[in-house]
Amino acid sequence: MADTRHAVVVTHPSLREQGVISDAIEQLNYAGFTVTIVDNTEAPAFGTSTKSVASDTEIVVVLGGDGTILRAAELIYCTDVPILGVNLGHIGFLAEFESFQMSEAIQRVADHDYSIDERMVAHADVWLPGAREPISDWALNDITLGTADRGKMISLAVRVDGVAMNSYSCDGTIISTPTGSTAYAFSAGGPVIWPNVKALQLVPIAAHALFARPLIIGSGSTFTLDILENSPSTGWICCDGRRQRELPRGTRIEVRESRDTLHLARLSGVPFTNRLVSKFNLPVVGWRDQDHHADRAAGKAHIDGSAHSDTAGSTGDAASGCAEAGKR
């Protein structure tokens, strides 16, 4: 008898009653997997260890959107277990397949027909005033530092590798990995970073400063942010939109590349560029060229229509000739 294989299905409670969830579990069972279902949405406290999947877990199948994948990431952090995302949400940028491709995805998993995409993780050390040890956490997407008082700004000093770069008051700042560059950082005006680039970016949010542009540092470098003593507001930190806590004035936050990585299961060799264009529905034809392309398309349609008419006429004549020949 073959050894039993174990898969964990992570989904959202609101999706639990949908037929697609039960269908996926049934297909996994048929493929020889025992299935554990996780739909707990409660976020752990900032700086605490997250519960991991069982050691015999072969794969984590996420049925939902990117937020559900980020919840699943907490279950596989510091393990080699891969995540396979099936999008049941909106954009689903991290997902590999859409819901209508469920059967194919599960069959590929059953056949071990997938590759592993290692994603960089950001590590954060938070030094509270007077603390001898930091509070540490991590993020697959981004680490956000904002204001505890939403009606006020926060004043920050920014350093890179210990060298002072800037200081300003702002609504907050986002430090993202390449994976997170298409998420909150992108909405705040940051650039898209390809996943195979080892880098971290810092994107200020509504900074009151003449020079407050996004910064990108390479592997081995560190961002340091200090909440200034005269800051109008205390701080608030959040990892992946999940694990969060308030921070007093005088807190120091250091963010660098983690030694750990997270594994995403990939079932196709489609380049990241294709995913970027399709998920964001990018206008690959610029607005200046739209009229030109429209004229070309109209001209081609006219030529095709004329050719079709000529062909139709010739066919009709030939048919008439055959009919006349029959009459003779």
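Predicted model only: the values in this text are computed from it and were never measured.

Each value, and the rule that gives it
Residues numbered from 1 in each chain as written. Predicted model: local features only at pLDDT ≥ 70, side-chain atom pairs only at ≥ 80, totals over all residues. Heavy atoms only, no water. Pairing = 2+ DSSP bridges. Helix = DSSP H or I, 4+ residues; strand = E, 2+ residues; numbered from the N terminus. 1 Å grid on protein atoms, 1.4 Å probe; cavity = no way out; pocket = protein on both sides within 12 Å on 5 of 7 lines; lining within 4 Å. Points joined across faces, edges and corners; volume = space filled by probe spheres on them. Nonpolar A, V, L, I, M, F, W, Y, C, P; charged D, E, K, R; others polar. Axes fitted to C-alpha atoms, helices over the stretch in contact; angles between N-to-C directions. Phe/Tyr/Trp six-rings, centres within 6.5 Å; stacked < 30°, edge-to-face > 60°. Lys NZ or Arg CZ within 6 Å of the ring centre and 35° of its normal.

Draft legend 1. Region of interest: the pairing of strand S10 (residues 163-170). In this structure, strand S9 (residues 154-160) lies alongside S10, joined through 7 bridges in antiparallel fashion. Residue pairing in the sheet places Val158 in a bridge with Asn166 of S10. A loop of 2 residues connects S9 with S10, the two strands running antiparallel in sequence, and Asp161 in this loop sits at a positive phi of about 55 degrees.

Draft legend 2. The layout of surface pockets, seen in detail. There is about 370 Å³ of room inside the largest pocket. Surrounding the largest pocket, 19 residues form its lining, Val38, Asn40, Lys51, Glu74 and Leu75 being those nearest its centre. Elements with a minimum of two residues in the lining of the largest pocket: strand S1 (5-11), strand S2 (33-38) and helix H2 (66-76). For the lining of the largest pocket, the class distribution of residues is 8 nonpolar, 6 polar and 5 charged. For the second largest pocket, the calculated volume is near 260 Å³. As for the second largest pocket, its lining consists of 16 residues, of which Tyr77, Cys78, Ser136, Asp137 and Trp138 are closest to the centre. Broken down by element, the lining of the second largest pocket gets its largest block of residues, 4 residues, from strand S17 (residues 252-266).

Draft legend 3. A look at empty space enclosed by the protein. For the structure shown, the criterion picks out 2 cavities of 30 Å³ or more. Taken as a whole, the largest cavity encloses approximately 50 Å³ of empty space. Of all the secondary-structure elements, those providing two or more residues to the lining of the largest cavity are S10 and strand S12 (199-205). The element that contributes the greatest number of residues to the lining of the largest cavity is S10, accounting for 3 residues. Of the residues in the lining of the largest cavity, the class split is 8 nonpolar, 1 polar and 1 charged. Taken together, Phe93, Leu94, Arg119, Thr179, Thr182, Pro195, Arg266, Phe272 and Arg275 make up the full set of residues lining the second largest cavity. Across the lining of the second largest cavity, the residue classes tally to 4 nonpolar, 2 polar and 3 charged.

Draft legend 4. Representation of the sheet that holds strand S16 (residues 243-247) within the structure. The sheet built from 6 strands is open, its strands ordered S13-S12-S11-S8-S15-S16 with antiparallel pairing. One side of each edge strand has no neighbouring strand; the edge strands of this open sheet are strand S13 (215-218) and S16. The sheet shows a mean angle of 15 degrees between the axes of neighbouring strands, taken without regard to direction. Relative to strand S11 (residues 172-176), strand S8 (residues 142-147) is paired through 5 bridges, and the arrangement is antiparallel. Bridging across to S11, Leu145 finds its partner in Thr173.

Draft legend 5. Here's a closer look at the packing of aromatic side chains. All told, the structure shown has 2 aromatic pairs when counted by the stated rule. Consider the rings of Trp194 and Phe272, whose centres lie 5.1 Å apart with planes at 70 degrees: the pair is edge-to-face. Residue Trp194 is located in the loop between helix H4 (184-187) and S12, and its partner Phe272 is located in helix H5 (residues 272-280); the two are separated by 78 residues in the primary sequence. Above the ring of Trp236, the side-chain terminus of Arg150 is found at 4.6 Å from the ring centroid. A cation over an aromatic ring shows up here: Arg243 above the ring of Trp138, its NZ or CZ 4.4 Å from the ring centre.

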